[in-house]
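What follows is the residue order along each chain.
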Amino acid sequence: MAVKKRMKDFTLMEKIYLPSIVAGLSITLQNMFKPKYTMEYPEVKFMPSGHYRGRPVLVQEEDGGERCVACGLCSRVCPALAIDIQAAETEREKERYPERFEINMLRCIFCGLCEEVCPEEAIVMSKEYEIAFTNRQDAIYGKDKLLTPIADLQERIEFLRNNK
Amino acid sequence: MESLIIAGIALVKVLILANIILLTVSYLVYFERKISAWAQSRVGPNRVGYAGLLQPFADVFKLLLKEDIVPTQANKTIHTLAPFLALFVAFTTYAVIPWGPDVTIFGRVIELSVVPNINAGILYVLALTSIGVYAITLSGWSSGSKYSLLGGVRASAQMISYEISMGFSVAGVLIFSQSLLPSEIVKSQSGLMWNAFLQPIGFITFVTAAFAETNRLPFDLPEAEPELVGGFHTEYSSMKFAAFFLAEYANMMIASALIVTLYLGGWQVPYLEKLGLSAGWEAIIQVAAFFTKLVFLMFFFIWVRWSIPRFRYDQLMDIGWKVMFPLALLNVLWAAVLAMLIK
Ligand code: SF4
Ligand code: SF4
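**As for the overall build of chain B**
(1) Moving on: The helix and strand inventory of chain B stands at 12 helices and 2 strands.
(2) Moving on: Each helix (α) and strand (β) of chain B, taken in turn from the N terminus, gives the series α-α-α-β-β-α-α-α-α-α-α-α-α-α.
(3) Moving on: Relative to the globule expectation of 20 Å for 343 residues, the C-alpha radius of gyration of chain B, 21 Å, shows essentially globular dimensions.
(4) Moving on: The buried share among the 343 residues of chain B stands at 50%.
(5) Moving on: Counting contacts in chain B only where the partners sit at least 6 residues apart, residues at least 24 apart contribute 79% of the total.
(6) Moving on: Summed over all atoms, the accessible surface of chain B reaches about 15800 Å², with 73% contributed by carbon and sulfur.
(7) Moving on: A distance of 5 Å separates the average location of the 21 positive side-chain charges in chain B from that of its 20 negative side-chain charges.

This is the structure:
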(Lines give C-alpha, C1' and ligand atoms only; values in the text may rest on other atoms or scores of the structure.)
(Ligands and ions follow the chains in the order given, each with its own letter.)
Protein backbone atom coordinates (compact mmCIF):
# COMPACT_ATOMS: atom_id res chain seq x y z
CA MET A 1 0.00 0.00 0.00
CA ALA A 2 1.38 3.32 -1.02
CA VAL A 3 1.95 5.74 1.79
CA LYS A 4 0.20 9.00 1.11
CA LYS A 5 2.16 12.17 1.72
CA ARG A 6 0.10 14.61 3.72
CA MET A 7 0.58 18.30 4.35
CA LYS A 8 0.70 17.74 8.07
CA ASP A 9 3.33 15.02 7.95
CA PHE A 10 6.29 16.04 10.05
CA THR A 11 9.72 16.60 8.60
CA LEU A 12 12.63 14.68 10.09
CA MET A 13 13.65 17.67 12.20
CA GLU A 14 10.18 17.87 13.70
CA LYS A 15 10.05 14.14 14.26
CA ILE A 16 13.19 14.15 16.36
CA TYR A 17 11.20 16.46 18.61
CA LEU A 18 14.13 17.55 20.73
CA PRO A 19 14.73 20.84 18.83
CA SER A 20 11.11 21.82 19.38
CA ILE A 21 11.43 21.02 23.07
CA VAL A 22 14.51 23.22 23.32
CA ALA A 23 12.70 26.01 21.48
CA GLY A 24 9.74 25.75 23.85
CA LEU A 25 11.98 25.70 26.90
CA SER A 26 13.84 28.79 25.76
CA ILE A 27 10.58 30.70 25.36
CA THR A 28 9.46 29.92 28.89
CA LEU A 29 12.92 30.72 30.23
CA GLN A 30 12.84 34.13 28.53
CA ASN A 31 9.41 34.72 29.98
CA MET A 32 10.67 34.10 33.50
CA PHE A 33 12.83 37.21 33.28
CA LYS A 34 10.34 39.46 31.57
CA PRO A 35 8.31 42.03 33.51
CA LYS A 36 5.19 40.62 35.13
CA TYR A 37 1.67 41.68 34.29
CA THR A 38 0.14 40.94 37.66
CA MET A 39 -1.46 43.95 39.37
CA GLU A 40 -1.00 43.40 43.10
CA TYR A 41 -4.52 44.37 43.90
CA PRO A 42 -5.05 45.67 47.40
CA GLU A 43 -1.87 47.75 47.16
CA VAL A 44 -2.17 48.75 43.52
CA LYS A 45 -5.67 49.59 42.44
CA PHE A 46 -7.12 49.23 38.99
CA MET A 47 -8.03 52.67 37.64
CA PRO A 48 -10.72 52.28 35.00
CA SER A 49 -11.43 54.93 32.39
CA GLY A 50 -14.82 56.38 31.49
CA HIS A 51 -16.02 53.32 29.60
CA TYR A 52 -16.04 51.18 32.73
CA ARG A 53 -19.35 50.00 34.17
CA GLY A 54 -19.04 49.91 37.94
CA ARG A 55 -21.98 50.14 40.33
CA PRO A 56 -24.82 52.42 39.17
CA VAL A 57 -25.13 55.72 41.07
CA LEU A 58 -27.50 58.68 41.10
CA VAL A 59 -26.21 62.00 39.84
CA GLN A 60 -26.28 64.73 42.47
CA GLU A 61 -26.48 68.29 41.13
CA GLU A 62 -24.28 71.07 42.44
CA ASP A 63 -27.12 72.37 44.59
CA GLY A 64 -27.32 69.01 46.37
CA GLY A 65 -30.54 67.73 44.83
CA GLU A 66 -30.81 64.66 42.66
CA ARG A 67 -31.47 64.80 38.92
CA CYS A 68 -33.85 61.89 38.96
CA VAL A 69 -37.52 62.68 38.27
CA ALA A 70 -38.72 59.27 39.46
CA CYS A 71 -40.15 58.36 36.06
CA GLY A 72 -39.55 54.68 36.86
CA LEU A 73 -38.09 53.81 33.49
CA CYS A 74 -34.91 52.42 34.97
CA SER A 75 -36.87 50.31 37.38
CA ARG A 76 -39.00 49.08 34.49
CA VAL A 77 -36.10 48.21 32.22
CA CYS A 78 -33.85 46.63 34.80
CA PRO A 79 -33.58 42.99 33.75
CA ALA A 80 -32.63 41.90 37.23
CA LEU A 81 -35.44 43.81 38.97
CA ALA A 82 -32.87 45.47 41.16
CA ILE A 83 -34.30 48.99 41.35
CA ASP A 84 -37.09 50.06 43.63
CA ILE A 85 -38.45 53.63 43.46
CA GLN A 86 -41.02 55.50 45.47
CA ALA A 87 -41.90 58.82 43.79
CA ALA A 88 -43.03 61.98 45.60
CA GLU A 89 -43.78 65.58 44.70
CA THR A 90 -41.45 68.50 45.18
CA GLU A 91 -41.76 72.27 45.00
CA ARG A 92 -38.90 72.49 42.59
CA GLU A 93 -39.25 73.06 38.88
CA LYS A 94 -39.15 69.40 37.89
CA GLU A 95 -42.05 68.61 40.28
CA ARG A 96 -41.17 64.97 41.01
CA TYR A 97 -38.36 63.33 42.90
CA PRO A 98 -37.71 59.85 44.27
CA GLU A 99 -38.56 59.69 47.94
CA ARG A 100 -36.91 56.33 48.12
CA PHE A 101 -34.49 54.99 45.53
CA GLU A 102 -32.98 51.59 46.23
CA ILE A 103 -30.75 49.36 44.17
CA ASN A 104 -30.26 45.86 45.42
CA MET A 105 -26.58 45.22 44.66
CA LEU A 106 -27.02 41.49 45.03
CA ARG A 107 -29.37 41.61 42.05
CA CYS A 108 -27.67 44.17 39.85
CA ILE A 109 -25.79 42.63 36.93
CA PHE A 110 -24.08 45.87 35.83
CA CYS A 111 -25.75 45.76 32.43
CA GLY A 112 -26.07 49.55 32.25
CA LEU A 113 -29.61 49.48 30.86
CA CYS A 114 -30.84 51.82 33.59
CA GLU A 115 -28.27 54.36 32.53
CA GLU A 116 -29.16 53.93 28.88
CA VAL A 117 -32.88 54.37 29.35
CA CYS A 118 -32.81 57.30 31.75
CA PRO A 119 -34.23 60.45 30.06
CA GLU A 120 -32.58 62.77 32.56
CA GLU A 121 -29.05 61.38 32.59
CA ALA A 122 -29.75 60.90 36.26
CA ILE A 123 -28.41 57.40 36.82
CA VAL A 124 -24.96 56.52 35.49
CA MET A 125 -22.46 53.74 35.98
CA SER A 126 -19.60 54.77 38.26
CA LYS A 127 -16.07 53.44 38.38
CA GLU A 128 -16.55 51.80 41.72
CA TYR A 129 -15.93 48.06 41.72
CA GLU A 130 -15.21 47.34 45.38
CA ILE A 131 -18.65 46.24 46.43
CA ALA A 132 -18.72 43.89 49.37
CA PHE A 133 -21.12 43.34 52.24
CA THR A 134 -21.55 40.83 55.00
CA ASN A 135 -25.35 40.52 55.00
CA ARG A 136 -28.24 40.89 52.62
CA GLN A 137 -29.66 44.01 54.25
CA ASP A 138 -26.42 45.89 53.60
CA ALA A 139 -26.64 44.97 49.94
CA ILE A 140 -29.61 47.26 49.39
CA TYR A 141 -28.14 50.65 48.61
CA GLY A 142 -30.38 53.59 49.44
CA LYS A 143 -30.16 57.19 48.32
CA ASP A 144 -27.49 57.91 50.91
CA LYS A 145 -25.08 55.59 49.13
CA LEU A 146 -26.28 56.20 45.59
CA LEU A 147 -26.10 59.98 45.39
CA THR A 148 -22.74 61.01 44.00
CA PRO A 149 -21.67 64.60 43.24
CA ILE A 150 -21.74 65.32 39.54
CA ALA A 151 -18.11 66.46 39.63
CA ASP A 152 -17.00 62.87 40.26
CA LEU A 153 -18.94 61.55 37.30
CA GLN A 154 -17.81 63.95 34.58
CA GLU A 155 -15.74 61.38 32.75
CA ARG A 156 -18.59 58.90 32.43
CA ILE A 157 -21.10 61.58 31.41
CA GLU A 158 -18.74 62.79 28.69
CA PHE A 159 -18.26 59.22 27.51
CA LEU A 160 -22.02 58.78 27.33
CA ARG A 161 -22.52 61.99 25.37
CA ASN A 162 -19.94 60.90 22.82
CA ASN A 163 -20.93 57.28 22.49
CA LYS A 164 -24.49 56.67 23.59
CA MET B 1 29.73 -0.01 72.00
CA GLU B 2 30.95 -0.06 68.43
CA SER B 3 27.58 -1.19 67.09
CA LEU B 4 25.87 1.51 69.17
CA ILE B 5 28.03 4.19 67.56
CA ILE B 6 27.29 2.84 64.11
CA ALA B 7 23.59 2.82 64.86
CA GLY B 8 23.86 6.37 66.24
CA ILE B 9 25.60 7.61 63.12
CA ALA B 10 22.99 5.96 60.92
CA LEU B 11 20.21 7.56 62.96
CA VAL B 12 21.76 11.01 62.65
CA LYS B 13 22.11 10.53 58.90
CA VAL B 14 18.48 9.42 58.62
CA LEU B 15 17.33 12.45 60.60
CA ILE B 16 19.36 14.88 58.53
CA LEU B 17 18.23 13.36 55.25
CA ALA B 18 14.57 13.10 56.26
CA ASN B 19 14.56 16.77 57.22
CA ILE B 20 16.28 17.79 54.03
CA ILE B 21 13.74 15.83 52.01
CA LEU B 22 10.71 17.22 53.83
CA LEU B 23 11.96 20.77 53.57
CA THR B 24 12.96 20.43 49.94
CA VAL B 25 9.68 18.82 49.01
CA SER B 26 7.57 21.50 50.65
CA TYR B 27 9.62 24.21 48.99
CA LEU B 28 9.47 22.37 45.68
CA VAL B 29 5.73 22.90 45.77
CA TYR B 30 6.33 26.57 46.44
CA PHE B 31 8.83 26.88 43.61
CA GLU B 32 6.59 24.92 41.29
CA ARG B 33 4.00 27.62 41.78
CA LYS B 34 6.51 30.43 41.58
CA ILE B 35 8.20 29.17 38.43
CA SER B 36 4.91 28.45 36.73
CA ALA B 37 3.90 32.00 37.55
CA TRP B 38 7.12 33.47 36.22
CA ALA B 39 6.86 31.46 33.02
CA GLN B 40 3.40 32.90 32.53
CA SER B 41 4.36 36.48 33.40
CA ARG B 42 2.62 36.30 36.76
CA VAL B 43 3.96 36.91 40.25
CA GLY B 44 2.90 33.73 42.05
CA PRO B 45 2.19 33.26 45.76
CA ASN B 46 3.51 36.30 47.63
CA ARG B 47 1.15 36.87 50.55
CA VAL B 48 2.22 34.48 53.32
CA GLY B 49 5.48 35.67 54.79
CA TYR B 50 8.17 37.49 52.84
CA ALA B 51 7.62 36.80 49.10
CA GLY B 52 5.24 34.01 50.09
CA LEU B 53 7.98 31.96 51.70
CA LEU B 54 5.65 30.59 54.39
CA GLN B 55 3.17 29.38 51.77
CA PRO B 56 4.09 25.67 52.14
CA PHE B 57 3.20 25.76 55.84
CA ALA B 58 -0.08 27.49 55.13
CA ASP B 59 -0.84 24.79 52.55
CA VAL B 60 -0.08 22.00 54.99
CA PHE B 61 -2.22 23.53 57.73
CA LYS B 62 -5.07 23.93 55.31
CA LEU B 63 -4.82 20.30 54.22
CA LEU B 64 -4.60 19.09 57.82
CA LEU B 65 -7.77 20.91 58.75
CA LYS B 66 -9.76 19.53 55.83
CA GLU B 67 -12.31 16.78 56.26
CA ASP B 68 -11.03 13.37 55.23
CA ILE B 69 -13.60 11.89 52.86
CA VAL B 70 -13.63 8.20 51.97
CA PRO B 71 -16.15 7.31 49.26
CA THR B 72 -18.75 4.69 50.27
CA GLN B 73 -17.79 2.63 47.22
CA ALA B 74 -14.17 2.52 48.26
CA ASN B 75 -12.25 -0.38 49.68
CA LYS B 76 -11.38 1.39 52.94
CA THR B 77 -8.22 -0.48 53.89
CA ILE B 78 -6.52 -0.19 50.54
CA HIS B 79 -7.79 3.33 50.04
CA THR B 80 -6.01 4.31 53.25
CA LEU B 81 -2.94 2.23 52.59
CA ALA B 82 -2.18 3.51 49.08
CA PRO B 83 -1.06 7.09 49.87
CA PHE B 84 1.23 5.89 52.62
CA LEU B 85 2.71 3.26 50.37
CA ALA B 86 3.47 6.07 47.94
CA LEU B 87 5.13 8.08 50.69
CA PHE B 88 7.04 5.07 52.00
CA VAL B 89 8.50 4.32 48.59
CA ALA B 90 9.32 7.95 47.96
CA PHE B 91 11.26 8.32 51.20
CA THR B 92 13.06 4.99 51.44
CA THR B 93 14.64 5.24 48.02
CA TYR B 94 17.03 7.95 49.18
CA ALA B 95 18.76 5.51 51.48
CA VAL B 96 21.32 4.34 48.94
CA ILE B 97 22.03 7.58 47.10
CA PRO B 98 25.41 9.05 48.10
CA TRP B 99 25.31 12.79 48.56
CA GLY B 100 28.98 13.33 49.30
CA PRO B 101 32.36 11.61 49.49
CA ASP B 102 33.57 9.63 52.50
CA VAL B 103 34.58 12.03 55.22
CA THR B 104 36.74 11.40 58.26
CA ILE B 105 35.35 12.81 61.50
CA PHE B 106 37.19 12.04 64.77
CA GLY B 107 39.18 9.34 63.05
CA ARG B 108 36.10 7.57 61.80
CA VAL B 109 35.30 7.21 58.11
CA ILE B 110 31.71 8.17 57.46
CA GLU B 111 30.05 7.58 54.12
CA LEU B 112 27.58 10.25 53.21
CA SER B 113 24.59 8.12 52.36
CA VAL B 114 22.23 6.44 54.78
CA VAL B 115 22.96 2.84 53.82
CA PRO B 116 26.25 2.77 51.94
CA ASN B 117 27.90 -0.33 50.56
CA ILE B 118 24.78 -2.16 49.52
CA ASN B 119 25.93 -4.28 46.64
CA ALA B 120 22.58 -4.05 44.92
CA GLY B 121 22.12 -0.31 45.44
CA ILE B 122 20.81 0.54 41.99
CA LEU B 123 18.66 -2.59 41.86
CA TYR B 124 17.18 -1.52 45.19
CA VAL B 125 16.22 1.84 43.69
CA LEU B 126 14.68 0.25 40.60
CA ALA B 127 12.79 -2.28 42.72
CA LEU B 128 11.37 0.38 45.02
CA THR B 129 10.29 2.66 42.21
CA SER B 130 8.40 -0.29 40.75
CA ILE B 131 6.56 -0.68 44.04
CA GLY B 132 5.61 2.97 43.67
CA VAL B 133 3.35 1.95 40.78
CA TYR B 134 1.32 -0.18 43.17
CA ALA B 135 0.51 2.87 45.25
CA ILE B 136 -1.00 4.62 42.26
CA THR B 137 -2.72 1.57 40.81
CA LEU B 138 -4.15 0.52 44.17
CA SER B 139 -5.39 4.01 44.91
CA GLY B 140 -7.11 4.14 41.54
CA TRP B 141 -8.62 0.71 41.95
CA SER B 142 -9.75 1.07 45.56
CA SER B 143 -11.44 4.45 45.12
CA GLY B 144 -14.44 2.94 43.38
CA SER B 145 -14.55 5.68 40.79
CA LYS B 146 -14.09 5.31 37.06
CA TYR B 147 -11.76 8.28 36.76
CA SER B 148 -9.48 6.99 39.48
CA LEU B 149 -9.50 3.54 37.94
CA LEU B 150 -8.58 4.89 34.52
CA GLY B 151 -5.80 6.92 36.08
CA GLY B 152 -4.48 3.91 37.94
CA VAL B 153 -4.57 1.67 34.87
CA ARG B 154 -2.82 4.30 32.80
CA ALA B 155 -0.17 4.68 35.47
CA SER B 156 0.62 0.98 35.51
CA ALA B 157 0.78 0.68 31.72
CA GLN B 158 2.96 3.77 31.47
CA MET B 159 5.33 2.70 34.23
CA ILE B 160 5.82 -0.75 32.77
CA SER B 161 6.60 0.69 29.35
CA TYR B 162 9.10 3.20 30.61
CA GLU B 163 10.66 0.98 33.25
CA ILE B 164 12.14 -1.00 30.37
CA SER B 165 13.95 1.85 28.68
CA MET B 166 14.97 3.10 32.11
CA GLY B 167 16.47 -0.28 32.98
CA PHE B 168 18.37 -0.48 29.72
CA SER B 169 19.73 3.04 30.09
CA VAL B 170 20.98 2.13 33.55
CA ALA B 171 22.60 -0.96 32.07
CA GLY B 172 24.75 1.32 29.93
CA VAL B 173 25.96 3.08 33.06
CA LEU B 174 26.63 -0.21 34.85
CA ILE B 175 28.78 -1.46 31.98
CA PHE B 176 31.10 1.46 32.65
CA SER B 177 31.19 1.33 36.41
CA GLN B 178 31.22 -2.49 36.56
CA SER B 179 29.43 -2.23 39.90
CA LEU B 180 25.92 -1.83 41.25
CA LEU B 181 27.23 0.25 44.12
CA PRO B 182 26.10 3.88 43.76
CA SER B 183 29.32 5.20 45.22
CA GLU B 184 31.35 3.14 42.73
CA ILE B 185 29.22 4.51 39.90
CA VAL B 186 29.97 8.03 41.06
CA LYS B 187 33.69 7.29 41.32
CA SER B 188 33.75 5.82 37.82
CA GLN B 189 32.81 9.26 36.48
CA SER B 190 35.87 11.12 37.73
CA GLY B 191 37.06 14.17 35.84
CA LEU B 192 34.82 14.97 32.92
CA MET B 193 34.04 11.31 32.23
CA TRP B 194 30.42 11.97 33.13
CA ASN B 195 28.06 9.43 31.70
CA ALA B 196 25.95 12.24 30.31
CA PHE B 197 28.78 13.08 27.92
CA LEU B 198 29.88 9.52 27.23
CA GLN B 199 26.39 8.18 26.57
CA PRO B 200 24.21 11.08 25.46
CA ILE B 201 21.53 8.77 24.08
CA GLY B 202 21.28 6.87 27.34
CA PHE B 203 21.13 10.17 29.19
CA ILE B 204 18.19 11.36 27.10
CA THR B 205 16.30 8.07 27.37
CA PHE B 206 16.88 7.94 31.11
CA VAL B 207 15.73 11.51 31.67
CA THR B 208 12.66 10.91 29.53
CA ALA B 209 11.90 7.70 31.41
CA ALA B 210 12.41 9.54 34.69
CA PHE B 211 9.79 12.08 33.66
CA ALA B 212 7.41 9.25 32.81
CA GLU B 213 8.13 7.39 36.04
CA THR B 214 7.46 10.43 38.18
CA ASN B 215 4.22 11.17 36.29
CA ARG B 216 5.36 14.67 35.50
CA LEU B 217 4.28 16.56 32.45
CA PRO B 218 4.53 15.83 29.51
CA PHE B 219 3.78 12.31 30.80
CA ASP B 220 1.23 13.03 33.51
CA LEU B 221 -1.45 10.92 31.86
CA PRO B 222 -2.46 9.18 35.13
CA GLU B 223 -3.76 12.48 36.48
CA ALA B 224 -4.59 14.27 33.24
CA GLU B 225 -6.99 16.87 34.62
CA PRO B 226 -8.98 17.64 31.48
CA GLU B 227 -9.84 13.98 30.94
CA LEU B 228 -9.78 12.32 34.34
CA VAL B 229 -10.79 15.04 36.84
CA GLY B 230 -7.85 14.38 39.17
CA GLY B 231 -6.82 10.96 37.92
CA PHE B 232 -5.86 8.41 40.52
CA HIS B 233 -6.22 10.83 43.42
CA THR B 234 -9.68 12.14 42.48
CA GLU B 235 -11.26 10.54 45.55
CA TYR B 236 -8.63 11.63 48.03
CA SER B 237 -8.84 14.55 50.38
CA SER B 238 -7.10 16.04 53.37
CA MET B 239 -3.78 14.49 54.45
CA LYS B 240 -4.13 11.48 52.18
CA PHE B 241 -4.18 13.80 49.22
CA ALA B 242 -1.24 15.64 50.70
CA ALA B 243 0.59 12.32 50.99
CA PHE B 244 0.24 11.76 47.25
CA PHE B 245 1.30 15.31 46.62
CA LEU B 246 4.39 14.95 48.80
CA ALA B 247 5.19 11.61 47.21
CA GLU B 248 5.04 13.14 43.75
CA TYR B 249 7.56 15.80 44.67
CA ALA B 250 9.71 13.40 46.66
CA ASN B 251 9.78 11.18 43.58
CA MET B 252 10.87 14.13 41.52
CA MET B 253 13.72 14.64 43.97
CA ILE B 254 14.70 10.96 43.75
CA ALA B 255 14.65 11.09 39.99
CA SER B 256 16.88 14.16 40.05
CA ALA B 257 19.23 12.56 42.57
CA LEU B 258 19.40 9.42 40.42
CA ILE B 259 20.17 11.40 37.30
CA VAL B 260 22.91 13.24 39.16
CA THR B 261 24.35 10.01 40.52
CA LEU B 262 24.17 8.00 37.34
CA TYR B 263 24.92 10.59 34.70
CA LEU B 264 26.23 13.86 36.11
CA GLY B 265 29.10 12.59 38.21
CA GLY B 266 27.28 12.56 41.57
CA TRP B 267 29.04 14.72 44.11
CA GLN B 268 32.19 15.07 42.02
CA VAL B 269 33.50 18.38 40.79
CA PRO B 270 35.80 17.91 37.79
CA TYR B 271 39.49 18.62 38.52
CA LEU B 272 38.78 19.78 42.07
CA GLU B 273 41.82 17.85 43.33
CA LYS B 274 44.07 20.10 41.19
CA LEU B 275 43.25 23.06 43.45
CA GLY B 276 45.00 21.41 46.39
CA LEU B 277 42.39 22.21 49.03
CA SER B 278 42.30 20.57 52.45
CA ALA B 279 40.19 17.42 52.73
CA GLY B 280 37.51 19.16 54.77
CA TRP B 281 36.95 21.96 52.25
CA GLU B 282 36.97 19.49 49.40
CA ALA B 283 34.21 17.46 51.07
CA ILE B 284 32.12 20.56 51.69
CA ILE B 285 32.46 21.72 48.09
CA GLN B 286 31.58 18.26 46.84
CA VAL B 287 28.44 18.01 48.98
CA ALA B 288 27.48 21.48 47.81
CA ALA B 289 28.10 20.40 44.21
CA PHE B 290 25.75 17.46 44.63
CA PHE B 291 22.97 19.66 45.92
CA THR B 292 23.59 22.30 43.25
CA LYS B 293 23.21 19.69 40.54
CA LEU B 294 20.12 18.37 42.31
CA VAL B 295 18.54 21.82 42.49
CA PHE B 296 19.27 22.50 38.85
CA LEU B 297 17.64 19.22 37.81
CA MET B 298 14.59 19.86 39.95
CA PHE B 299 14.31 23.27 38.34
CA PHE B 300 14.55 21.51 34.98
CA PHE B 301 11.67 19.21 35.95
CA ILE B 302 9.47 22.17 36.81
CA TRP B 303 10.62 24.15 33.80
CA VAL B 304 9.70 21.34 31.43
CA ARG B 305 6.33 20.96 33.07
CA TRP B 306 5.38 24.53 32.24
CA SER B 307 6.76 24.42 28.69
CA ILE B 308 5.60 21.22 27.05
CA PRO B 309 2.02 20.06 26.54
CA ARG B 310 0.85 16.61 27.55
CA PHE B 311 1.19 13.71 25.11
CA ARG B 312 -1.80 11.83 23.85
CA TYR B 313 -2.01 8.35 25.32
CA ASP B 314 -1.24 6.50 22.08
CA GLN B 315 1.68 8.85 21.41
CA LEU B 316 2.98 8.08 24.87
CA MET B 317 2.94 4.35 24.20
CA ASP B 318 4.40 4.87 20.73
CA ILE B 319 7.31 6.82 22.12
CA GLY B 320 7.83 4.36 24.95
CA TRP B 321 8.00 1.24 22.84
CA LYS B 322 9.01 2.36 19.36
CA VAL B 323 11.47 5.12 20.18
CA MET B 324 12.75 4.93 23.74
CA PHE B 325 13.19 1.17 23.87
CA PRO B 326 15.28 0.84 20.66
CA LEU B 327 17.29 3.92 21.62
CA ALA B 328 18.06 2.45 25.03
CA LEU B 329 19.17 -0.81 23.39
CA LEU B 330 21.35 1.15 21.00
CA ASN B 331 22.87 2.89 23.97
CA VAL B 332 23.78 -0.42 25.61
CA LEU B 333 25.65 -1.38 22.45
CA TRP B 334 27.37 1.98 22.32
CA ALA B 335 28.37 1.74 25.97
CA ALA B 336 29.79 -1.74 25.39
CA VAL B 337 31.87 -0.57 22.41
CA LEU B 338 33.07 2.48 24.32
CA ALA B 339 33.99 0.42 27.35
CA MET B 340 36.03 -1.90 25.12
CA LEU B 341 37.89 1.05 23.63
CA ILE B 342 38.59 2.92 26.85
CA LYS B 343 39.29 0.17 29.34
S1 SF4 C 1 -27.11 48.10 35.78
FE2 SF4 C 1 -28.68 46.78 34.91
S3 SF4 C 1 -29.11 45.37 36.57
FE4 SF4 C 1 -28.00 47.04 37.50
S5 SF4 C 1 -29.59 48.40 38.21
FE6 SF4 C 1 -29.05 49.08 36.16
S7 SF4 C 1 -30.50 48.07 34.81
FE8 SF4 C 1 -30.57 47.00 36.78
S1 SF4 D 1 -34.90 56.56 34.60
FE2 SF4 D 1 -33.69 58.23 35.41
S3 SF4 D 1 -35.16 59.76 35.90
FE4 SF4 D 1 -36.32 57.92 35.61
S5 SF4 D 1 -36.47 57.04 37.65
FE6 SF4 D 1 -34.67 56.16 36.76
S7 SF4 D 1 -33.02 57.48 37.39
FE8 SF4 D 1 -34.90 58.62 37.75
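**Brief notes about a nonpolar patch on the surface**
(1) Moving on: Taken together, the side chains of Leu 23, Leu 54, Phe 57, Val 60, Phe 61, Leu 64, Leu 65 and Met 239 of chain B make up a nonpolar region of the molecular surface, amounting to roughly 790 Å² of accessible area.
(2) Moving on: As for its placement among the helices and strands, Leu 64 of chain B is situated in helix H2 (residues 55-65).

**Considerations on the interface of chain B and chain A**
Interfaces are often sized by the amount of accessible area the parts lose when they come together.
(1) Moving on: Every contact between the two is made by 17 residues of chain B and, on the other side, 16 residues of chain A.
(2) Moving on: The contact between chain B and chain A buries some 1400 Å² in all, and 67% of this surface belongs to carbon and sulfur atoms.
(3) Moving on: The largest per-residue losses of area from chain B upon contact with chain A belong to Ser 41, Arg 47 and Trp 303 of chain B, which jointly make up 36% of the total buried on that side.
(4) Moving on: For the pair chain B and chain A, the number of links is 2 salt bridges.
(5) Moving on: Among the ionic pairs, Arg 47 of chain B bridges to Glu 40 of chain A, the shortest N-O distance being 3.6 Å.
(6) Moving on: Across the contact surface, chain B and chain A share 8 residue pairs in polar contact (both at pLDDT 80 or more).
(7) Moving on: When contributions to the side of chain B that touches chain A are tallied by element, the ones reaching two or more residues are helix H1 (2-39) and helix H11 (279-305) of chain B.
(8) Moving on: Here the side of chain B that touches chain A takes 4 residues from H11 of chain B, the largest share from any one element.
(9) Moving on: In the side of chain B that touches chain A, the residues fall into 12 nonpolar, 3 polar and 2 charged.

**Let's talk about the site of ligand 1**
(1) Moving on: In the vicinity of ligand 1, the contacting residues are Cys 78, Pro 79, Ile 83, Cys 108, Ile 109, Phe 110, Cys 111, Gly 112, Cys 114 and Met 125 of chain A.
(2) Moving on: Broken down by class, the residue content of the shell around ligand 1 amounts to 9 nonpolar, 1 polar and no charged.

**A few points about the pairing of strand S2 (residues 83-89) of chain A**
Residues and elements named next belong to chain A.
(1) Moving on: Bridge count for S2 against strand S3 (residues 96-104) is 7 bridges, and the pairing is antiparallel. Counterpart to Glu 89 in the pairing with S3 is Arg 96.
(2) Moving on: Following S2, the chain reverses through 6 residues before pairing antiparallel with S3; Glu 95 in that reversal takes a positive phi of roughly 70 degrees.

**Some details on the pattern of salt bridges**
All names here are of chain A.
(1) Moving on: Taken as a whole and judged by the stated rule, the model has 19 salt bridges over all chains.
(2) Moving on: Among the ionic pairs, Glu 61 bridges to Arg 67, the shortest N-O distance being 3.1 Å.
(3) Moving on: In this structure Glu 61 comes out as partly exposed when scored by relative accessible area, which is 29%.
(4) Moving on: Residue Arg 67 is classed as buried on the basis of its relative accessible area, which comes to 15%.

**What to know about the side chain of Gln 286 of chain B**
(1) Moving on: As for its placement among the helices and strands, Gln 286 of chain B is situated in helix H11.
(2) Moving on: Leave out the neighbours within four places in its chain, and Gln 286 of chain B touches Pro 101, Trp 267 and Leu 272 of chain B.

How each quantity is defined
Residues numbered from 1 in each chain as written. Chains lettered and ligands numbered in written order. Predicted model: local features only at pLDDT ≥ 70, side-chain atom pairs only at ≥ 80, totals over all residues. Heavy atoms only, no water. Helix = DSSP H or I, 4+ residues; strand = E, 2+ residues; numbered from the N terminus. Rg over C-alpha atoms; globule rule 2.2 N^0.38 Å. Buried < 20%, exposed > 50% of the residue type's maximum accessible area, 1.4 Å probe, protein only. Contact = heavy atoms within 4.5 Å. Areas by Shrake-Rupley, 256 points an atom, 1.4 Å probe, with all protein chains shown as cover. Lys, Arg positive; Asp, Glu negative; His and termini not counted. Charge placed at Lys NZ, Arg CZ, Asp CG, Glu CD. Patch = residues over 30% accessible without salt bridge, like charges linked within 9 Å, V, L, I, M, F, W, Y side chains within 5 Å. Salt bridge = Lys/Arg side-chain N within 4 Å of Asp/Glu carboxyl O. Buried area = accessible area lost by both parts, 1.4 Å probe. Polar contact = N/O pair within 3.5 Å; in protein donor to acceptor, adjacent residues only side chain to side chain. Nonpolar A, V, L, I, M, F, W, Y, C, P; charged D, E, K, R; others polar. Near = heavy atom within 4 Å. Pairing = 2+ DSSP bridges.

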